[in-house]
Amino acid sequence: MKQSVLKGEEIFNDLSESLSNAKDRIIVVTAWFTDQKLLDVLIDKQREGTVVSVVIGDNKDNQKLDFKALTDLGGKLTRIKGNGFGMMHQKYCVIDNSIGFHGSYNWTVNARRNNSESVIKTDHKQTIEELLNDFNKYTMTETKSNDEKKKSRLGSFLNRIKPNKITNGEELENSKSQSYNDSSGFQIERGNISIDEVFKSIISAEAKNTDEESLKNRGYELCKEVSGDHNVLTKSMNSLYHLYVSDNAENIELKEKLIQKIEKKKEELIQLEEIDRTKKNTSDEVLGITKEKEITFEKAALEKDLELTNKDIELNKNSIVDISDKIAKTKDKITGLQLEFMKPAFNWFAFVPLFLFTLGLGGYLMLFYSSSLYIMIYSLQDSMELIKAGVPLADINPQVFESDALNKSFKKEGLAGYFITLFFFVPLVIAYVSHLKNDLREKRSVMDIFKMIACYVIVIFIDGFIAAKVTNTIIEIKKEAKQIPPDFELTFFGLLEDLNFWLVFCLGALPFIFLSILIEKLSVFLKSVLQKQNEKS
């Protein structure tokens, strides 16, 4: 005896090899079968002539594979349904009635690849026989199912010899229940018995004619001969059953008698059906006339209702139009009232920064231009007065910005203070005009661009002139304070190289450009707010 325990991938490899080497017969019993590779091996062996029989559980997983290729070649497939809460849970295989595999291994892809499984491979004779007996139990269940199919075919035979239009289990109807006795002694009550019951009663009567005593004695003799051995008794009882069937099959006279009775019953039932059909037709005719009158009356009533409904629809349409007009007018009134009480939205988050930046740059430019004008007009004069007053020359230090320009200008005679203060509005107006547009168009016209360039040129010229004049004034003061030679002359290129010139120029020109942009932004913002207010009003 050879016996081994297989695990993991070794199970599939050994099982596949053993199946491929099978000669006569392969028996497979497994709860789940989803491995196409093992099914292909079985199909190949069936094609080679090996008898393949497979028993699997009747479940959804076992619908994944197509076993038709196996059964078309002559292989046998049996599906076992569950019994209550139980199910067929076997996993074994017998090859050539000599080698058996049994264990936890289902014939599935998951068992082959993922699961931890173990299987015993054995050639132990008693184990093989027990596995074959277990397999025979499942095939006997299939045989019983086939016997039921044969009985079903017998029922089909009986149905074929019944009268036309009388189906299985259909009862013959009649307004009054009548009964009569036929020639064979069977009492048939019309309206209460079906044709199947008639045939069953005839067959039952013939079965009663069997000599039961003789049959019982024969069975007793067979049991006595085998001393009640259950292994032999089953075969003996099968022999007795076939003997009984063959004896009855040879009784031609009983067959003929049974056929004659069936034919007679057939004729009687046909007559009864004709009587019932005639009564039913008469009743149907009367019912049809009554139904036709009812339909005519209902049709007239429905037509009248339809006419009234159409009138109501027309009236409702006119009402709907009037109501729609009223709704539209009411909506217009509500919209007007909402606009009257609705305050225009004002974007303070955008306005406040623009306003503060514009105001700050404007204040800066006012101080810058007032300081520059004061230096141009009065700084040299103030320096001469300081020298005459005996102030040390080293203490005279002219700068590009005069912090006290406004205060000093108002102390001068005449309108000097007002002139210096109001001069700031010259670059302010130029900045405003340079970015002024007639509407809120995103793109500038050619005229707008020309106007902006002209304003920038004017401001650059003014700032350049102021820067040059302030630079020259500072040099003159330094000459008077003897900080540079008296014969020093400021040339054009010397002016461009002087740091004071560029300092004054940049401090005036750059803030002007930013002020122009801020004025444009503020102007566009205020115009958009005004436009929204006009649209709402």
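Note that the structure is predicted; figures quoted are calculated from it, not measured.

Student: Can you tell me about the overall build of the chain, naming the residues and giving the values?
Tutor: Looking only at helices and strands, the chain has 16 helices and 9 strands in total. By residue count, 30% of the 537 residues in the chain fall in the buried class. Here the contacts in the chain between residues at least 6 apart in sequence split such that 71% fall between residues at least 24 apart. Of the roughly 36000 Å² that the chain leaves accessible, carbon and sulfur atoms contribute 58%.

Student: Give a detailed account of the side chain of Thr50, specifying residues and quantitative values.
Tutor: Positionally, Thr50 belongs in the loop between helix H2 (36-48) and strand S3 (51-57). Side-chain polar atoms of Thr50 contact the backbone oxygen of Lys23, separated by 3.4 Å.

Student: Any details on the packing of helix H10 (residues 348-388) against helix H14 (residues 446-480)? Residues and values, ideally.
Tutor: Contact pair H10 / H14: the axes reach a minimum separation of 9 Å and the direction vectors enclose 15°. Comparing their axes, H14 and H10 come out roughly parallel. The two elements H10 and H14 meet at a crossing, and its hand is left-handed. For the pair formed by H10 and H14, the contact residues are Tyr369, Ser372, Ile375, Met376, Ser379, Leu380, Ser383, Met384 and Ile387 on the first element and Asp463, Phe465, Ile466, Lys469, Val470, Thr473, Glu476, Ile477 and Glu480 on the second.

Student: Tell me about the nonpolar core, residues and numbers included.
Tutor: One finds Tyr369, Ile466, Val470 and Val504 to be the most contacted residues of the largest nonpolar core, which totals 30 residues. Of all elements in the fold, only H10, helix H12 (416-422), helix H13 (425-434), H14 and helix H16 (499-536) reach the threshold of two or more residues within this core. The element best represented in this core is H10, accounting for 8 residues. Excluding its chain neighbours within four sequence positions, the residues that come into contact with Tyr369 are Phe423, Pro427, Asp463, Ile466 and Gly508. With 27 residues, the next largest nonpolar core counts Leu42, Leu70, Tyr105 and Trp107 among its residues.

Student: Requested: an account of the pattern of salt bridges, with residues and values cited.
Tutor: Here the idea is simple: oppositely charged side chains can pair when their charged atoms come close. Under the defined criterion, the tally for this structure stands at 9 salt bridges. In this structure, the salt-bridge partner of Asp14 is Lys121, at a minimum N-O distance of 2.9 Å. Placement of the pair is Asp14 in helix H1 (residues 9-20) and Lys121 in strand S7 (residues 118-122), with a sequence separation of 107 residues.

Student: Could you give an account of H10, with specific residues and numbers?
Tutor: Counted at 1.5 Å a residue, the expected span for H10 with its 41 residues is 60 Å, and the 57 Å between its end C-alpha atoms agrees. The sharpest bend along H10 measures roughly 55° and falls at Tyr378. Of the residues flanking the start of H10, the one acting as N-cap is Asn347, its side-chain oxygen 3.3 Å from the backbone nitrogen of Phe349. Following H10 by one or two positions, Gly390 adopts a phi angle in the positive range, close to 90°.

Student: Give me the lowdown on the packing of aromatic side chains, citing residues and values where you can.
Tutor: Following the criterion strictly, the structure yields 16 aromatic pairs and no others. Look at Phe351 and Phe355: their rings are 5.7 Å apart centre to centre, the planes differ by 20°, and that puts the pair in the stacked class. With a gap of 4 residues between them, Phe351 and Phe355 both fall in helix H10, about one helical turn apart. The exposure class assigned to Phe351 is buried, which follows from its relative accessible area of 16%. Among the residues examined, Phe355 registers a relative accessible area of 39% and is labelled partly exposed.

Student: Go over the sheet that holds strand S4 (residues 76-80), please, and point to the residues and values.
Tutor: Strand order in the open sheet formed by 7 strands is S1-S7-S6-S5-S2-S3-S4, with mixed pairing between adjacent strands. Strands at the two margins of the open sheet, each flanked by one partner only, are strand S1 (3-7) and S4. Strand-to-strand twist in this sheet, taken as the mean axis angle between neighbours without regard to direction, amounts to 10°. Of the pairings in the sheet, the one linking strand S2 (residues 25-30) to strand S5 (residues 91-95) comprises 5 bridges and is antiparallel in character. When the sheet's bridge partners are listed, Ile26 is paired in S5 with Ile95. Packing against the sheet, H1 makes contact with S1, S2, S5, strand S6 (99-103) and S7, and its axis sits at approximately 125° to S1. Across the sheet, H2 lies against S2 and S3, angled at about 150° from S3, the strand it touches most.

Student: Describe H14, and please don't skip the residues or the numbers.
Tutor: If you check H14, its first and last C-alpha atoms are 51 Å apart, about what 35 residues at 1.5 Å a residue would give, namely 51 Å. Once H14 ends, the next one or two residues include Lys482, with phi positive near 55°.

Student: Got a sec to walk through the pairing of S3? Specific residues and values, please.
Tutor: Burial runs high along S3: 6 of the 7 residues are buried. Sheet topology places S2 next to S3; 6 bridges connect them, and they run parallel. Each bridged residue has a counterpart across the sheet, and for Ile26 the counterpart in S3 is Val52. Handedness of the crossover is the feature at issue here: the chain leaves S2, passes through H2, returns alongside S3, and the resulting connection is right-handed. By the bridge criterion, 5 bridges tie S3 to S4 in an arrangement that is parallel. Across the sheet, Gly57 pairs through a bridge with Ile80, a residue of S4.

Student: So what's going on with a nonpolar patch on the surface? Which residues, and what values?
Tutor: There is a patch of nonpolar side chains on the surface, built from Phe346, Trp348, Val352, Phe355, Leu356, Phe357, Leu359 and Leu526 and spanning about 790 Å² of accessible area. Top contributing element to the nonpolar patch by residue count: H10, with 6 residues. Mapped onto the elements, Leu356 comes out in helix H10.

Student: Outline unusual backbone geometry, listing residues and values.
Tutor: As a rule of thumb, non-glycine residues mostly have phi less than zero, and peptide bonds are mostly trans rather than cis. Unusually for a residue other than glycine, Asp96 sits at a positive phi of about 55°. Tracing the backbone through its elements, the reader meets Asp96 in the loop between S5 and S6. Classification of Asp96 as partly exposed rests on a relative accessible area of 22%. The backbone of Lys482 sits at a positive phi, close to 55°, despite the residue not being glycine. Residue placement: Lys482 occurs in the loop between H14 and helix H15 (492-497). Accessibility expressed as a relative area gives 68% for Lys482, which makes it exposed.

About the criteria used
- Residues numbered from 1 in each chain as written.
- Predicted model: local features only at pLDDT ≥ 70, side-chain atom pairs only at ≥ 80, totals over all residues.
- Heavy atoms only, no water.
- Helix = DSSP H or I, 4+ residues; strand = E, 2+ residues; numbered from the N terminus.
- Buried < 20%, exposed > 50% of the residue type's maximum accessible area, 1.4 Å probe, protein only.
- Contact = heavy atoms within 4.5 Å.
- Areas by Shrake-Rupley, 256 points an atom, 1.4 Å probe, with all protein chains shown as cover.
- Polar contact = N/O pair within 3.5 Å; in protein donor to acceptor, adjacent residues only side chain to side chain.
- Axes fitted to C-alpha atoms, helices over the stretch in contact; angles between N-to-C directions.
- Parallel < 35°, antiparallel > 145°, perpendicular 65-115°, else oblique.
- Left-handed = near helix turned anticlockwise from the far one by under 90°.
- Core = buried A, V, L, I, M, F, W, Y, C linked by side-chain atoms within 4.5 Å.
- Salt bridge = Lys/Arg side-chain N within 4 Å of Asp/Glu carboxyl O.
- Expected span 1.5 Å × (residues − 1).
- Bend = angle between axes of the 7 residues up to and from the residue.
- Phe/Tyr/Trp six-rings, centres within 6.5 Å; stacked < 30°, edge-to-face > 60°.
- Pairing = 2+ DSSP bridges.
- Right-handed = clockwise from strand over helix to strand, strands pointing away.
- Patch = residues over 30% accessible without salt bridge, like charges linked within 9 Å, V, L, I, M, F, W, Y side chains within 5 Å.

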